[in-house]
Amino acid sequence: MADSLPTEFDVIIIGTGLPESILAAACSRSGQRVLHVDSKSYYGGNWASFNFSGLLSWLKEYQQNNDTGEENSAAWQDMIHNTEEAIPLQRKDETIQHIEVFCYASENMDENTEEVNSFQENLSSASNTLPEPLDSTCLSKAAHSSNLSSYEMPDKDDSKSKGETSAELTDAEETLEKEKNCGDKTCIETVSDEDKDENKPLVEDNTDLPKKSRIAYSQIVKEGRRFNIDLISKLLYSQGLLIDLLIKSNVSRYAEFKNVTRILSFREGKIEQVPCSRADVFNSKELTMIEKRMLMKFLTFCLDYEQHPDEYQAFVQSSFSEYLKTKKLTPNLQHYILHSISMTSESSCTTLDGLKATKKFLQCLGRFGNTPFLFPLYGQGEIPQCFCRMCAVFGGIYCLRHKIQCLVIDKESRRCNAVIDHLGQRISAKYFIVEDSYLSEETCSNIHYKHISRAVLITDQSVLKIDSDQQISILTVPPVEPATCAVRVTELCSSSMTCMKDTYLVHLTCSSSKTAKEDLEPVVKMLFTPYTEADTDEGELKKPRILWALYFNMRDSSGVSRTSYKGLPSNVYVCSGPDCALGNDHAVKQAETLFQEIFPGEEFCPPPPNPEDIIFDCEDKQPESSITNVNEPSEESQTLENPEEHLEN
């Protein structure tokens with residue numbers, strides 16, 4: 001039980017986002033006693049992934065906008081000594097704003113979906129609602145039959161199905177055994193013929209158009225477990241810091257990946273596939289022979305641009321788009337390089353930043369496939385859980401739905417000595433790591449946060465249809481109006497284990513200037529059409545139809561420096577939430593930097609030990625150590641030295 005937690009640790013980490021989870025794994029791996037807690041009922045924070053019903057529950061919690069159970073929390077004021085003071089932590093999660101939900105698919109209500117559809121209607125009228133964290137007491141009653149779990153180990157489905165009971169595991173061996181016995185692929189259901197027959201269109205389509213079964217909202221709810229919807233949309237560069245860390249630490253054995261198959265370009269109202277490899281360039285029908293040679297010459301230069309400073313030195317202060325104009329590239333090539341290869345801003349990106357981004361793109365080509373990017377099967381939310389599993393393997397203790405009320409500060413030394421949880425237990429530690437959203441308004445009063453505009457769409461077809469319907473695509477749409485940002489569009493197919501068959505999951509992301517709907521709706525209208533309008537407007541049938549849409553704004557705390565926080569003790573370190581960038585480099589850099597500040601000289605996330613190198617206290621009798629069992633070499637772990645074979649193309 002939670003009230004039997006040990007009272008002393010080396011490191012207490014609050015929040016289970018990606019940087020916090022990496023730090024938890026690194027600290028536990030280096031021999032530190034780690035307590036990793038989260039007030040939410042799922043792993044990942046704003047990095048999490050949900051199935052469809054889990055996402056609706058997440059939306060409902062923000063809609064209710066409840067406090068986190070002040071009346072149910074034990075009083076902590078009496079536990080503060082005369083020589084101490086307290087820094088209360090935030091009770092409301094204000095990182096998500098302006099939630100708006102739209103359902104375009106026909107309802108087709110039945111007994112199983114009536115309640116969910118009723119909630120869907122309520123959400124549409126509850127936009128612009130500030131969010132709050134989960135009420136630990138309410139969650140324990142509504143979603144769990146047992147009391148608070150003190151020693152919960154990371155479970156793969158925690159963030160995917162919040163209504164299910166979380167597994168309570170007490171050692172690393174049991175955690176790994178569960179991973180082996182519950183492979184994700186075996187849990188995937190198949191659509192029966194009866195389901196397909198139920199959703200045949202009631203009205204005959206035009207004979208000139210391909211016939212396609214209509215998808216009802218009730219079917220989306222019924223197949224909801226097939227969806228894994230990311231709160232933040234990101235991809236992994238195949239030569240990026242996160243892939244290198246996953247392979248180095250052997251954490252990659254806990255996840256599977258799929259290669260992004262297409263990079264698309266949007267120009268003059270038309271979507272085209274961007275050639276990536278040399279063969280693609282010369283096979284492309286969109287480029288003339290002269291353009292192909294010009295493109296190859298420029299990309300060859302970008303691979304070693306540092307060796308030729310004379311080529312760009314005069315344009316260091318210029319934007320990358322202005323520099324491209326001086327290279328005698330056609331407008332078509334300039335558009336490809338700026339928006340589909342370097343994927344940078346037309347106005348704010350400098351020449352050096354553009355050349356660096358282009359070089360990174362080219363260096364990542366060919367490692368795992370024809371594009372530079374990988375996507376984790378079952379969604380981005382898998383990655384934080386992978387590092388949590390590593391932490392648990394080496395003795396880390398996990399508590400979800402466990403709120404920390406305050407930090408206890410020594411007045412004289414100005415160091416944090418302990419935390420007090422919602423049960424009134426005082427837990428001491430040497431170091432404390434806190435995710436930004438847990439800090440109070442007073443602590444963050446000097447900070448002006450940026451925000452990210454996000455949209456999640458469920459559509460019935462791809463933005464660029466080809467023979468194969470199993471494509472993972474990324475598309476950058478240039479700014480629609482002056483002074484606006486480019487919009488990044490990621491389209492996921494059912495083979496990525498993120499959506500049901502015959503649908504696509506589309507993520508749109510950009511830096512916020514207004515609400516998410518105001519920022520992203522112009523791009524949505526250019527690329528898609530609402531499902532309800534498709535029957536009446538035959539001219540729009542070429543566009544994918546939107547079945548369901550979600551818009552929201554997310555806080556971006558990635559640019560906040562430590563000195564911006566008011567009254568932060570010297571041994572309290574802050575991790576930021578997700579940033580707007582495509583990759584995960586910021587989270588990895590932040591985790592490594594903080595780890596080196598806390599434990600200078602320690603290796604960051606080294607590989608797990610070889611079982612043959614483990615020395616037991618009693619040589620004549622070797623106990624069945626959970627760590628030994630965890631790290632026994634298997635076919636999967638042995639392929640990590642050759643990651644190309646381990647990661648699925």
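Up top is the structure.
Residue numbering note: each chain is counted from 1, following its sequence as written. Given that the model is predicted, a residue must reach a pLDDT of at least 70 before its local features are reported, and side-chain atom pairs must reach 80 or more before they are shown or counted; all residues, however, enter totals for whole chains, interfaces and linings. Neither water nor hydrogens contribute to the side-chain values; these are computed over all heavy atoms in the structure.

Digging into the packing of aromatic side chains
Two rings belonging to Phe, Tyr or Trp (six-membered ring only in the last case) form a pair when the distance between their centres is within 6.5 Å. Interplanar angles under 30 degrees mark stacking, angles over 60 mark edge-to-face geometry, and anything in between is tilted. By the definition in use, this model includes 19 aromatic pairs. On the numbers, 6.0 Å between centres and 50 degrees between planes, the contact of Phe52 with Phe227 is tilted. Taken as a pair, Phe52 in helix α2 (residues 52-64) and Phe227 in the loop between α7 (217-222) and β6 (229-230) lie far apart in primary sequence, 175 residues in all. A 1.4 Å probe rolled over the protein chains alone gives each residue an accessible area, and that area as a share of the maximum for its type sets the label: buried under 20%, exposed over 50%, partly exposed in between. Phe52 gets classed as buried once you look at its relative accessible area, which sits at 1%. Here Phe298 and Phe301 contribute two aromatic rings whose centre-to-centre distance is 6.1 Å and whose plane-to-plane angle is 50 degrees, an arrangement assigned as tilted. Pair noted here: Phe298 and Phe301 are both in helix α10 (residues 289-303), with a separation of three residues, about one helical turn. Helix and strand assignments come from DSSP, with helices taken as H or I runs of at least 4 residues and strands as E runs of at least 2, each series counted from the N terminus.

What about the layout of surface pockets?
To find leftover empty space, a probe the size of one water molecule is rolled over the atoms. Put simply, the largest pocket is a space of about 1,400 Å³. Put simply, the parts of the chain that give the lining of the largest pocket at least two residues each are α13 (351-364), β17 (450-459), β19 (487-492), β20 (504-511) and α16 (585-598). When residues in the lining of the largest pocket are grouped by element, the largest group, four residues, is from α13. Its residues placed into classes, the lining of the largest pocket shows 14 nonpolar, 16 polar and 11 charged. Only protein atoms enter the 1 Å grid, on which a cavity is a set of points fitting a 1.4 Å probe that cannot get out and a pocket is an open set with protein on both sides within 12 Å along at least 5 of 7 lines, lining residues being those with an atom within 4 Å of a point. Grid points are joined across faces, edges and corners, and a volume is the space filled by probe spheres set on the points. Gly falls in the polar group here, along with every residue not listed as nonpolar (Ala, Val, Leu, Ile, Met, Phe, Trp, Tyr, Cys, Pro) or charged (Asp, Glu, Lys, Arg).

Quick look at the pattern of salt bridges
A pair is scored as a salt bridge if a Lys or Arg side-chain nitrogen falls within 4 Å of a carboxyl oxygen belonging to Asp or Glu. Per the counting criterion, the structure on display carries 16 salt bridges. Across the pair Arg226 and Glu223 runs a salt bridge, and its minimum N-O distance is 2.7 Å. Of the two residues examined, Arg226 and Glu223, each falls in the buried class. Here Lys234 ties to Asp579 by a salt bridge, and the two come within 2.6 Å at their closest N and O atoms. Of this pair, Lys234 sits in the loop between β6 and β7 (236-237) while Asp579 sits in the loop between β23 (572-575) and α16, and the two are 345 residues apart along the sequence. Taken individually, Lys234 and Asp579 each receive the classification buried, so the pair is uniform in this respect. Within this structure, Asp10, Arg33 and Lys430 form a network of salt bridges that share partners.

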